[in-house]
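Structural characterization, general
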Amino acid sequence: MALYDSVLALIGNTPLVEVSTLSPNPAVRIVAKLEGQNPGGSVKDRIALKMVEQAEKDGLLVPGSVLIEPSSGNTGIGLALVCRVKGYRLKIVMPENVSPERRQTLEAWGVDEIVSSPGSEGSNGAVRVAQRLAAEHPEWAFLYQYGNAANPRAHYEGTGPEIWRDCPEVTHFVAGLGTSGTLLGVGTYLKEKNPDIKVWAVEPPSGEMVDGLRNLDDGYIPPIFEDQHGADLLDFKTIVGPRESIEWTRRLRDVGIFAGISSGAAVAGAAKCASRIDEGVVAVVLADGGWKYLSTGAWTDPLDEVVERAKRTIYF
Amino acid sequence: MSVEVRLPTLLRPHVGGQSVVTADGATVGEVLSDLVARFPGLQGQLVTEAGDLHRFVNVYVNDDDVRYMDKLDTKVGEGDTVSILPAVAGGA
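Bear in mind the structure is a predicted one, so any value in this text is a computation, not a measurement.

1. Details of the packing of helix α9 (residues 242-251) of chain A against helix α11 (residues 303-311) of chain A
All names here are of chain A.
- Taken N-terminus to C-terminus, the directions of α9 and α11 make an angle of 120 degrees; their axes are 9 Å apart at the nearest point. It follows that α9 is oblique to α11 by the angle criterion. As α9 runs across α11, the sense of the crossing is right-handed. In this structure, α9 uses Pro242, Arg243 and Ile246 to contact α11, whose residues at the interface are Leu303, Val306, Val307, Ala310 and Lys311.

Written out as structure tokens, the structure reads:
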């Protein structure tokens, strides 16, 4: 261990751990990247720091600057940490149907304001509200994780090289799809190192979260996904539902990992991948720890009840 | 070949309010064509005039996104479920 000059220097360099006992195929190993080990508790610390540093280089931020960002939780928390240390103010637009701990954590960090967006519009609604507020307040900095190249770059320069350094025998990379930043950055890096590596995206069913959508033209594809030709980069994309996500979140405890529900979904995707290939090594990103989901009863309540609650909650 | 097709809330008004309908076809493209033939309100909502999937429509066969398989040529079989979902921003 070393002495670090700031907590911000602790972001990234997360452990990669063998979890192959969870693999349904004995010829396929699974290794998990524990992003919950970041100081702010999730993979999003990486992009929070990278986006803020880039904005500083671009001269968009001065001491006391106000930032606004749509987030279902983790990016907001990552930004809250970085902004607190660097002396910026932060406003987060968050869908109302996230776990209470996500909101409480933002409050604990002392953000300026948490603006709620309608739960029936999911993250789409948060993006829409943040875009409107940013347009009304040109004096605020809007880093816009869905459209900021520093987001995938954090993974191209950090997460991807770390996986390659620790496990060059990797054949498949699996991660959840939100902004698409992790998949774009890591996927691009790994394919540069070995073009045979396959990239799998896991997403939750949008289900009841998009009932507020009026028509298909209200749909949304992250600008970074289009700019960086995500559809050409991904080799496979699959939905993992709440039941499977929670079952795998519970199963992760058997290898000593207390992770969030999206991590359960990602591992379910890794297991699906493992069951469909002959042999290989699947690297999967576990985006955060379980702490922010205790109130969902994910580990302790009857599975059916937890699943019903999860259908109405954004856990990605 | 008859398969079950699940529709998102915003498309249900075009199919008499149902969330699940059945349609015939051996590929995703055939299933969607059959659906549009039976529910003309869906015309242009799923597939563009050029014959590609609508930009904001994701179609899944048993949870797997057909864009990353054989797109509209992706085969479907008895007992498969085809799900249509709008493309939306993911949590982050």
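2. Concerning the sheet that holds strand β6 (residues 141-142) of chain A
All names here are of chain A.
- Taking strand neighbours across the sheet as the criterion, the four strands line up as β5-β4-β3-β6 in an open arrangement whose pairing is parallel. Looking along the sheet, the strands with just one partner apiece sit at the ends: β5 (113-117) and β6.
- Of the strand pairs in this sheet, strand β3 (residues 66-70) and β6 are connected by two bridges, and their pairing is parallel. Within β6, the position partnered with Leu67 by the bridge is Ala141.
- Across the sheet, helix α2 (residues 74-86) touches β3 and β4 (89-95), and the angle it forms with β4 is around 170 degrees.

3. Comments concerning the domain arrangement of chain A
Residues and elements named next belong to chain A.
- The assigned domain composition of chain A is domain 1 (7-37 + 158-311) and domain 2 (44-145).
- Computed from C-alpha atoms alone, the centre-to-centre distance between domain 1 and domain 2 is 23 Å.
- Taken together, the contact between domain 1 and domain 2 spans 23 residues of the former and 20 residues of the latter.
- Along the lines of polarity and charge, the residues of the side of domain 1 that touches domain 2 split into 11 nonpolar, nine polar and three charged.

4. Section: the packing of helix α1 (residues 44-57) of chain A against helix α5 (residues 150-166) of chain A
Residues and elements named next belong to chain A.
- Where α1 contacts α5, the axes come no closer than 8 Å and their chain directions differ by 115 degrees. α5 is crossed by α1, and the crossing has right-handed handedness. Contacts between α1 and α5 involve Arg46, Ile47, Lys50, Met51 and Gln54 from the first element and Ala150, Asn151, Arg153, Ala154, His155, Gly158 and Thr159 from the second.
- By residue class, the composition of the contact of α1 with α5 is four nonpolar, five polar and three charged.

The rules we used
- Residues numbered from 1 in each chain as written.
- Chains lettered and ligands numbered in written order.
- Predicted model: local features only at pLDDT ≥ 70, side-chain atom pairs only at ≥ 80, totals over all residues.
- Axes fitted to C-alpha atoms, helices over the stretch in contact; angles between N-to-C directions.
- Helix = DSSP H or I, 4+ residues; strand = E, 2+ residues; numbered from the N terminus.
- Parallel < 35°, antiparallel > 145°, perpendicular 65-115°, else oblique.
- Left-handed = near helix turned anticlockwise from the far one by under 90°.
- Contact = placed C-beta atoms within 7 Å.
- Pairing = 2+ DSSP bridges.
- Domains from an automatic or database assignment.
- Nonpolar A, V, L, I, M, F, W, Y, C, P; charged D, E, K, R; others polar.

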